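# Results of the structural survey
Read off the chains here:
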Amino acid sequence: MAHHTVSGCNMQVGDLLGSGTISGKEKDSRGSLLELTWNMTETLTLSNGESRYFIEDGDGIVMRGYAQKDEVRVGFGEVRGKILPANDFHY
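Residues numbered from 1 in each chain as written. Predicted model: local features only at pLDDT ≥ 70, side-chain atom pairs only at ≥ 80, totals over all residues. Heavy atoms only, no water.

### Remarks on unusual backbone geometry
Positive phi is not limited to glycine here, since tryptophan 38 has a value of about 45°. By secondary structure assignment, the location of tryptophan 38 is in the loop between helix 2 (33–36) and strand 1 (44–45). Even without glycine at this site, asparagine 39 takes up a positive phi of about 60°. Tracing the backbone shows asparagine 39 in the loop between helix 2 and strand 1. According to the relative accessible area criterion, asparagine 39 is exposed, its value standing at 56%. (Helix = DSSP H or I, 4+ residues; strand = E, 2+ residues; numbered from the N terminus. Buried < 20%, exposed > 50% of the residue type's maximum accessible area, 1.4 Å probe, protein only.)

Shown next as structure tokens:
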């Protein structure tokens, strides 16, 4: 967000942000949708049986985060949103 706004570009309602991922070498440690679909060579199967490569209109997004060192953990809370079709979005 700092990189986005430092040049004077204001955040707007509806802006979609994502975080970088820290993935490991194992398949179950992949983090981003691009990694989870292995650059669109593998579909991601959702719990309802649908397959995806990308987020779609109507999808819900939840971001959570925390930092931890030893026994100290600081949480950043949770942000939830829903992807709306461009023609349904109103400021």
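Having put the structure on the table, let's press on.
### With respect to a nonpolar patch on the surface
Taken together, Met1, Leu17, Met63 and Val79 make up a surface patch of nonpolar side chains, about 370 Å² in accessible area. With respect to the helices and strands, methionine 1 occurs in the segment before helix 1 (2–5). (Patch = residues over 30% accessible without salt bridge, like charges linked within 9 Å, V, L, I, M, F, W, Y side chains within 5 Å. Areas by Shrake-Rupley, 256 points an atom, 1.4 Å probe, with all protein chains shown as cover. Salt bridge = Lys/Arg side-chain N within 4 Å of Asp/Glu carboxyl O.)

### Side note on the packing of aromatic side chains
According to the stated counting rule, one finds 0 aromatic pairs in the structure shown. Its guanidinium or amino end placed over the ring of tyrosine 66, arginine 73 lies 3.7 Å from that ring's centre, counting from NZ or CZ. (Phe/Tyr/Trp six-rings, centres within 6.5 Å; stacked < 30°, edge-to-face > 60°. Lys NZ or Arg CZ within 6 Å of the ring centre and 35° of its normal.)

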